[in-house]
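# Coordinate analysis (summary)
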Amino acid sequence: VTLELAEDARWVVEVYPVDTVEELDGGGIRVRLPVSSDRWLAKLLIRLGPHARRVDPPASANAASEMAAQILARYEAGDT
């Protein structure tokens, strides 16, 4: 997956293996990461919050709301 990361998220390249890193204007970077599962990627994107944007493959328009609904469903299942 290719992500554009804000300056506050540059730590990703120090923690995870990356295939490529490209400097962007404003201090951000574009990185290509190998992804082993959609679940792992979802967790990373939640952790990064507004400091990351998925570039390739593009996320669907409803990806964030779908992910939030899945997380909420897991919490609700734990309450029963």
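See above for the structure.
All values reported here derive from a predicted model rather than from experimental measurement.

Tallied over the full model, the rule gives two aromatic pairs. Measuring from centroid to centroid gives 6.4 Å for Trp11 and Tyr16, while their planes differ by 50 degrees, and the two rings are tilted. Here Tyr16 and Trp40 contribute two aromatic rings whose centre-to-centre distance is 5.2 Å and whose plane-to-plane angle is 85 degrees, an arrangement assigned as edge-to-face. Taken together, the residues span a long stretch of sequence, with Tyr16 in the loop between α1 (12-15) and β2 (20-23) and Trp40 in helix α2 (residues 38-48) at a distance of 24 residues. In this structure Trp40 comes out as partly exposed when scored by relative accessible area, which is 25%. Taken together, the ring pairs in this structure connect Trp11, Tyr16 and Trp40 into an aromatic cluster.

It is worth spelling out α2 at this point. Along α2, the positions that sit buried rather than exposed are Leu41, Ala42, Leu44, Leu45 and Leu48. Looking straight down α2, one finds that the buried residues subtend no more than 165 degrees of arc, so they occupy a single side. Away from its buried face, by an angle of more than 90 degrees, α2 presents the exposed residues Lys43 and Arg47. Count one or two residues on from α2 and you reach Gly49, which has phi positive near 55 degrees.

Of the two faces of strand β3 (residues 29-32), the one holding Ile29 and Val31 is buried and the one holding Arg30 and Arg32 is not buried anywhere. Where strand β1 (residues 2-5) and β3 come together, four bridges link them in antiparallel fashion. When the bridges of β3 are listed, Glu4 appears paired with Arg30. Examined bridge by bridge, β2 and β3 share four bridges and lie antiparallel to one another. When the bridges of β3 are listed, Val21 appears paired with Val31.

What counts and what doesn't
Numbering of residues begins from 1 in every chain and follows the order in which that chain's sequence is written. Given that this is a predicted model, residues contribute local features only at a pLDDT of at least 70 and side-chain atom pairs are listed and counted only at 80 or more, while totals for whole chains, interfaces and linings are drawn from all residues. Each side-chain value is derived from all of the structure's non-hydrogen atoms; neither hydrogens nor water enter the calculation. Within 6.5 Å between ring centres, the rings of Phe, Tyr and Trp (the latter by its six-membered ring) count as paired, and their orientation is classed by plane angle as stacked under 30 degrees, edge-to-face over 60, tilted in between. What counts as a helix is a DSSP run of H or I of at least four residues, what counts as a strand is a run of E of at least two, and both are numbered from the N terminus. Exposure is judged per residue with a 1.4 Å probe applied to protein chains only, and the accessible area is read against the type maximum: over 50% gives exposed, under 20% gives buried, and values in between give partly exposed. Note: the arc covers the axis-to-C-beta directions of the helix. Should DSSP find at least two bridges between two strands, the strands are regarded as paired.

By themselves, these figures tell us nothing about what the structure is for.
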